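# Close look at the chain arrangement
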Amino acid sequence: MSVVICVYTEDRWEDILAAVASVREQSRPALETLLVVDHNQALLDRLAREYKEAGGVRVLANAGPRGLSAGRNTGIAAAHGEVIAFLDDDAVAERDWLRHLAEGYADPRVMAVGGRTVPVWASGRRPVWFPEEFDWVVGCTYRGLPPGRVRVRNVLGGNASFRRIAFDSAGGFATGIGRDGDKRPLGCEETELCIRLTRAVPGAVLLIDDRAVIHHRVPAGRERFGYFRTRTYAEGLSKALVARSVGADKGLESERRYATRVLPAGVARGLRDALLARPGGAGRAGAIVAGVLTAAGGYVVGSVRARRGGATFSVAPIGGESR
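Below or above, wherever it landed, is the structure these notes cover. (Residues numbered from 1 in each chain as written. Predicted model: local features only at pLDDT ≥ 70, side-chain atom pairs only at ≥ 80, totals over all residues. Heavy atoms only, no water.)

### Side note on the side chain of T33
The criterion, for reference: Segments assigned H or I by DSSP are reported as helices when at least four residues long, segments assigned E as strands when at least two residues long, and all are numbered from the N terminus. Think of it in three bands: with a 1.4 Å probe and only protein chains considered, a residue is buried below 20% of the maximum accessible area for its type, exposed above 50%, and partly exposed in between. Contacts were defined at the residue level, with two residues in contact if any of their heavy atoms lie within 4.5 Å.
On the secondary structure map, T33 appears in strand β2 (residues 32-37). You can call T33 buried: its relative accessible area is 3%. Setting aside residues no more than four positions away along its own chain, T33 makes contact with V3, I5, V23, G56, V57 and R58.

### Concerning helix α1 (residues 13-24)
Note the threshold: Here a helix's expected span is defined as the number of its residues, less one, multiplied by 1.5 Å.
When the terminal C-alpha atoms of α1 are compared, their 17 Å separation across twelve residues agrees well with the 16 Å that a helix rising 1.5 Å per residue should span. Among all positions of α1, only W13, D15, I16, L17, A19, V20, S22 and V23 are buried.

### Observations regarding the packing of aromatic side chains
Here is the rule we go by: A pair of aromatic rings is counted whenever rings of Phe, Tyr or Trp (Trp by its six-membered ring) have centres within 6.5 Å, and the orientation is called stacked for planes under 30 degrees apart, edge-to-face for over 60 and tilted otherwise. We call a charge positioned over a ring when the NZ of a Lys or the CZ of an Arg lies within 6 Å of the ring centre and within 35 degrees of the ring normal.
A full pass over the atoms with the stated rule returns 15 aromatic pairs. An angle of 70° between the planes, with centres 6.3 Å apart, marks the rings of F86 and F162 as edge-to-face. Of this pair, F86 sits in strand β4 (residues 83-87) while F162 sits in strand β8 (residues 159-163); the two residues are 76 residues apart in sequence, bridging distant segments of the chain. Classification of F86 by relative accessible area gives buried; the value is 2%. For F162, a relative accessible area of 1% translates into the label buried. Here the aromatic residues W121, W129, F130, F134, W136, Y142, F225, F228 and Y258 are joined through ring pairs into a cluster of three or more. Over the aromatic face of W13 sits the side chain of R46, whose NZ or CZ is 3.8 Å from the ring centroid. Positioned above the aromatic ring of F173, the side-chain terminus of R72 is 5.0 Å from the ring centre.

### Structural notes on the packing of α1 against helix α2 (residues 41-50)
Filter applied, for reference: To get an axis, a line is fitted to the C-alpha atoms, and for a helix only the part in contact is used. The angle between two axes follows their N-to-C directions and goes from 0 to 180 degrees. Angles are sorted into four bins: roughly parallel if under 35 degrees, roughly antiparallel if over 145, roughly perpendicular if 65 to 115, and oblique for all others. Each crossing gets its hand from how the near helix is turned against the far one by less than a right angle, where anticlockwise is left-handed and clockwise is right-handed. Gly is put with the polar residues, along with every residue not named as nonpolar or charged; the nonpolar set is Ala, Val, Leu, Ile, Met, Phe, Trp, Tyr, Cys and Pro, and the charged set is Asp, Glu, Lys and Arg.
At a closest axis distance of 13 Å, the pairing of α1 and α2 adopts a crossing angle of 40°. On the basis of their axis angle, the class for α1 and α2 is oblique. Pair α1 / α2 crosses with right-handed handedness. Residues W13, I16 and L17 of α1 touch α2, and the partners they reach there are L43, R46, L47 and E50. Looking at the contact of α1 with α2, its residues break down into five nonpolar, no polar and two charged.

### Structural notes on the pairing of β2
The test is simple: Pairing between strands is defined by DSSP: at least two bridges between them are needed. The handedness rule is simple: strands pointing away from the viewer, and a clockwise path from the first strand over the helix to the second, make the crossover right-handed.
Counting buried residues in β2 gives six out of six residues, a clear majority hidden from the surface. Both faces of β2 are covered, namely the face carrying E32, L34 and V36 and the face carrying T33, L35 and V37. Judged from the six bridges that link them, strand β1 (residues 2-7) and β2 form a sheet pairing that is parallel. Bridging across to β2, C6 finds its partner in V36. For the crossover from β1 across α1 to β2, the handedness is right-handed. Pairing between β2 and strand β3 (residues 57-61): five bridges, direction parallel. Counterpart to T33 in the pairing with β3 is V57.

### Some thoughts on the nonpolar core
Among soluble globular proteins, nonpolar side chains are generally buried collectively. For clarity, the threshold we go by: Take the buried Ala, Val, Leu, Ile, Met, Phe, Trp, Tyr and Cys residues and link them wherever side-chain atoms come within 4.5 Å; each set so joined is a nonpolar core.
One finds I5, L35, L47, L87 and W97 to be the most contacted residues of the largest nonpolar core, which totals 34 residues. No other element matches the six residues that α1 contributes to this core. When sequence neighbours within four positions are dropped, the list of residues in contact with L35 reads I5, V7, I16, V20, L47, Y51, V57, R58, V59 and L60. Listed in part, the 28 residues of the second largest apolar core include A166, L193, C194 and L197.

### Digging into helix α6 (residues 189-200)
Relative to the 16 Å expected for twelve residues at 1.5 Å per residue, α6 spans 16 Å between its end C-alpha atoms, a close match to the ideal helical length. Across the twelve residues that make up α6, a large majority, nine, are buried. Every buried residue belonging to α6 is among E189, E190, T191, E192, L193, C194, I195, R196 and L197, and all of these are buried.

### Notes on the state of the cysteines
Threshold: A pair of cysteine sulfur atoms is labelled a disulfide when the two atoms are within 2.5 Å.
Scanning the model with the defined rule gives zero disulfides in all. Lacking any disulfide linkage, C6 is separated from the closest cysteine sulfur, that of C194, by 16 Å.

### Quick notes on the side chain of D90
Summarising the element assignment, D90 is placed in the loop between β4 and β5 (91-93). D90 has contacts with R12, D15, H215, H216 and R217, leaving out every residue within four places of it along the chain.

Right under this line is the structure:
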């Protein structure tokens, strides 16, 4: 297994070192760790010096356009492993992370395995108003996903792995849809890839194993409601692009269950806690409603833009030109 960590800013220097250290301490050793630097020459040079004598760690420049998707594609093209895992640059993996991911590939039908991402709040604890149903806002596993090792529509990109042949069949991550440094926090690139993969490989199985755990740092700025609102709106924009590409049936398949079952139950819990005078109950219920409305607004705006041709993304075969 190769591990790809995409990085873009020296502000996360200590986090990057911690992420690499957690990979190097795995109970099932990685074949290699690839650090892909997103158009930041100073960071590229500094990391190259840091790991000059470190066996099994390679530092690469993003060979594509700025952004997370192109960085991941650069890592995929350079990796030697039969399975390629992705770890966020501000996360650390538990010691058995790779071992649990690898176990899923005993079944040859399995094309991707993801894990569970636990938030590490900068303030030391979850904000009382922040609903667990929306932990995806901060890149973490959210309430509503089934426990254990289960089949899913898509894995979550910051804690995921794919067989190399998956990219040979489906192409790489789409550019123009996901993160681009500190710009608007778009997402859904892994959702689009996974849907495309299951279409390209009939019978492909995608799993999440909640024993494959990473701990993801949530900075103070992302504990605020302003970021929550911005991120949910951006998710709506991204979902519109995905639905435009793969069709609303597949693009919103999981979201329908989430919106009709998981979120109403979350609102009910929040209101119950409010009646019982428990801290944050009303805030959590209100945040769920606000998150749904904001995401819906982003989806409407994104759909209009997509129909007018003002929002597009492209998919490139790994190592090739975009199509």
